[in-house]
Amino acid sequence: MLRMMVPIAAMLLATGCGKMAELANQTRTVAAPREQVFAKMFGNDSAFTGLPLVTNGGSTRLYELVVQKGEPGFDTMIPDERPEAQKVKIAVAMEIPREAHLIYSVDDGALTTGLKFTFEELAPARTRVAFTVDELKGHDAKGLMVNRIVLEKIARDALDRLDDFEEAKEPA
């Protein structure tokens, strides 16, 4: 479980000095029902499989992994600029089949960012998937920025899971 989340966390928050970088929304429209598209991206074979389920399930789910200082894998999950961090939490909040939100938090919100996918049903067999990056925030975020290239790669890799579906043209 932790083995799957460490690479995601490492890529998620690649930070450096400077001003906050904004990532433009990336979208893709496919010719498939929303439920099928959501299942392809976040079904049983997704990177989040194996995270502990915090809620009772249903259409709203929350998965969380909390790693404290001293536990295996902690050193690879903390940002280089915050070596004094004590706790890292990765949460995935899902409103099935409408959205999935991956949240990365250091020391209970001292530094936080995330990735959000929304699934918009355009017609019975057309779905628009949009990807956005949350602003880096928290009282320890001053002077840091999200690495735009890394986050664009994460977005592209996630949207590439939709290659099995036929690309749909946007309605005029």
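Quick caveat: nothing in here was measured; it's all calculated off a predicted structure. (Residues numbered from 1 in each chain as written. Predicted model: local features only at pLDDT ≥ 70, side-chain atom pairs only at ≥ 80, totals over all residues. Heavy atoms only, no water.)

### As for the sheet that holds strand S3 (residues 60-68)
Paired through their backbone hydrogen bonds, the strands of a sheet run either parallel or antiparallel. As summarised here, the arrangement of the six strands in space is S2-S7-S6-S5-S4-S3, forming an open sheet in which the pairing is antiparallel. Strand pairing shows two members of the sheet lacking a second neighbour, strand S2 (26-30) and S3, which therefore form its edges. Averaged over all neighbouring strand pairs, the angle between strand axes comes to 10 degrees, with direction disregarded. Here strand S4 (residues 87-95) runs beside strand S5 (residues 99-106); their pairing, made up of eight bridges, is antiparallel. Each bridged residue has a counterpart across the sheet, and for Glu95 the counterpart in S5 is Glu99. Packing of helix H2 (residues 34-42) onto the sheet brings it into contact with S2, S4, S5, strand S6 (111-123) and strand S7 (126-133), and relative to S6 it is tilted by some 150 degrees. (Pairing = 2+ DSSP bridges. Helix = DSSP H or I, 4+ residues; strand = E, 2+ residues; numbered from the N terminus. Axes fitted to C-alpha atoms, helices over the stretch in contact; angles between N-to-C directions. Contact = heavy atoms within 4.5 Å.)

### A few points about the side chain of Arg28
Inspection of the secondary structure puts Arg28 in strand S2. Of the residues examined, Arg28 reaches a relative accessible area of 11% and is grouped as buried. At 3.0 Å, the side chain of Arg28 forms a polar contact with the side chain of Glu167. Leave out the neighbours within four places in its chain, and Arg28 touches Thr127, Arg128, Val129, Leu159, Asp160, Leu162, Asp163 and Glu167. (Buried < 20%, exposed > 50% of the residue type's maximum accessible area, 1.4 Å probe, protein only. Polar contact = N/O pair within 3.5 Å; in protein donor to acceptor, adjacent residues only side chain to side chain.)

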